[in-house]
Amino acid sequence: MMTRQQPQHQAGGLLLRSLGLGAGGGAGGGARRAGAMKSATSLLLGAALATAFFLLYTSLCRDLVGAAAPSRSSATPAPRWEEQETNTTAAGVAPHQQEGTKHVAASSGDADGDDDGAAATTEEKKGQSEKQQPRFVMPATSAQLQQQKKKKSSPPPSQDLADLLRRAATADKTVLMTAINEAWAAPGSFLDLFLESFRHGEDTSHLPRHLVIVAMDAKALARCTAVHPFCYWFRAGDGKDFAAEQKYMKGDYLEMMWRRNALQQAVLELGYSFLFTDVDILWFRPPFPRLPRGAQVVMSSDFFVGDVDSPHNYPNGGLLYVRSSPATVGFYRHWQASRARFPGHHEQYVFDKIVKEGSYAAAAPGARVQFLDTAVFGGFCQHGDDLGKVATMHANCCVGLENKLFDLKNVLQDWKTYRARARAGNAQGFSWRVPGRCIH
């Protein structure tokens, strides 16, 4: 095998022969050979230096390449996808396991177990894209899964009443209101039918934009928030639950009605007028143009005697308009205080008593109480037959949710048929389907 010195000797011999200074030169050329020898020595020294520099350069290049790409075991950290898999396995989760896990983005300072590796500089970390950031898969604990399930099933907390009214009110600070519990809010029940009637009425589709639905229990609130933007949870502070069907004058019926009355008073005190409607009322035409001029306190009637100002009308609190003013707030305060005089009776009964006796006049100077004509604001007790005038149909004088719902569905279908016939020009003489289970 040729050594590193061999190329130098060969190069020197060739150089001597090329200059004519090889072995066997003549005696007469001694001086000439001595001078040439000196030149050859200089050339050989130059060649040796050049070779040394070449070898040094080759060695340095090999060292630089080795430093730029060291072996993974000694200097280079594992790729990020390997780091993710390694940390996942260390946490006791297989890379393919997905069910019941959650992804948590790792912080930029996570570098455990890399003591023997070269740390990345700050500039290198900034240059990395978000796609290169490791994501560690950690198992969700049973407590976390339970918390997620509870969060999905629980209704949102009740909102601030004043803020809710502000967002729902008309320009003159008036809101529509209704109240529901779980039994009345169930899918396919009264709440769905109630909202559907606005969509099929004449110029009523905009009214739900100003409707605040008061939920009397948590499940009613959850159902409300699924179908409507303005829902208010009226919590019972003493733990009472109004979720079940509240039959007339049974169970918690009285307490529910009086608390609803107190909420109406709170709305007035906040400076908002309201038109309260039971959820078992269907709406066919806008109410406000059909209210008495200058209305302050206006209640619907089970039976109307023909005079809006007569205290002998039979009041029904299922439809009630009240304009906010000091006089009407005073009327409500007197109404609430009069409950103690008539224990065991609902708010509608007490209303009828204080109106007939006129006792509210001293407590609420200037307050005026009026009633609605059943030919326009009708119900199962008494209603108009001219569908060209009616604004509402109330499932009053009817016992049982199934009976109410059965007749109201027929009423809504009758109204749709009337609208179709009116567009075709042959609605004359068409009216409600009677008798039903309650309507007559």
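One can find the structure itself at the top, above this paragraph.
A quick note: this is a predicted structure, and the numbers were derived from the prediction, not measured.

Asker: Outline the packing of aromatic side chains, supporting the account with residue identities and numerical values.
Answerer: Using the criterion set out here, one finds 17 aromatic pairs in the structure. Ring plane angle 80° and centroid distance 5.9 Å describe the contact between Phe-303 and Tyr-314, whose orientation is recorded as edge-to-face. In this pair, Phe-303 is assigned in strand 8 (residues 297–303) and Tyr-314 in strand 9 (residues 314–322), connecting sequence segments 11 residues apart. When the centroid spacing of 5.8 Å and the interplanar angle of 70° are considered together, the rings of Phe-331 and Phe-351 count as edge-to-face. Note that Phe-331 is positioned in helix 11 (residues 326–337) and Phe-351 in helix 12 (residues 347–357), a separation of 20 residues in sequence. The class of Phe-351 is buried, set by a relative accessible area of 0%. One aromatic cluster is present, formed by Phe-274, Phe-331, Tyr-332, Trp-335, Phe-351, Tyr-360 and Phe-371 through successive ring pairs. We note Lys-173 situated over the ring of Tyr-272; from NZ or CZ to the ring centre the distance is 4.6 Å.

Asker: Residue-level account of the packing of helix 10 (residues 253–269) against helix 11, with values.
Answerer: In contact at an axis separation of 9 Å, helix 10 and helix 11 are set at 155° when each is read in the N-to-C sense. Put simply, helix 10 runs roughly antiparallel to helix 11. In the packing of helix 10 onto helix 11, the handedness of the crossing is left-handed. Across from Trp-258, Asn-261, Ala-262, Gln-264, Gln-265, Leu-268 and Glu-269 in helix 10, the residues of helix 11 making contact are Thr-328, Val-329, Tyr-332, Arg-333, Trp-335 and Gln-336. Residue composition of the contact of helix 10 with helix 11, by class: six nonpolar, five polar and two charged.

Asker: Please give an account of the nonpolar core that cites residues and values.
Answerer: Grouped together as the largest cluster of nonpolar side chains are 52 residues, with contacts concentrated most on Ile-180, Trp-283, Phe-284, Phe-380, Val-411 and Trp-432. A total of seven residues in this core trace back to one element, the largest contributor, which is helix 14 (residues 401–424). Setting aside anything within four residues of it in sequence, one finds Ile-180 in contact with Ala-185, Leu-191, Ile-213, Val-214, Ala-215, Met-216, Ala-220, Cys-224 and Val-279. Judged by nonpolar contacts, the second largest core, of 43 residues, contains Val-212, Met-256, Tyr-332 and Trp-335.

Calculation criteria
Residues numbered from 1 in each chain as written. Predicted model: local features only at pLDDT ≥ 70, side-chain atom pairs only at ≥ 80, totals over all residues. Heavy atoms only, no water. Phe/Tyr/Trp six-rings, centres within 6.5 Å; stacked < 30°, edge-to-face > 60°. Helix = DSSP H or I, 4+ residues; strand = E, 2+ residues; numbered from the N terminus. Buried < 20%, exposed > 50% of the residue type's maximum accessible area, 1.4 Å probe, protein only. Lys NZ or Arg CZ within 6 Å of the ring centre and 35° of its normal. Axes fitted to C-alpha atoms, helices over the stretch in contact; angles between N-to-C directions. Parallel < 35°, antiparallel > 145°, perpendicular 65-115°, else oblique. Left-handed = near helix turned anticlockwise from the far one by under 90°. Contact = heavy atoms within 4.5 Å. Nonpolar A, V, L, I, M, F, W, Y, C, P; charged D, E, K, R; others polar. Core = buried A, V, L, I, M, F, W, Y, C linked by side-chain atoms within 4.5 Å.

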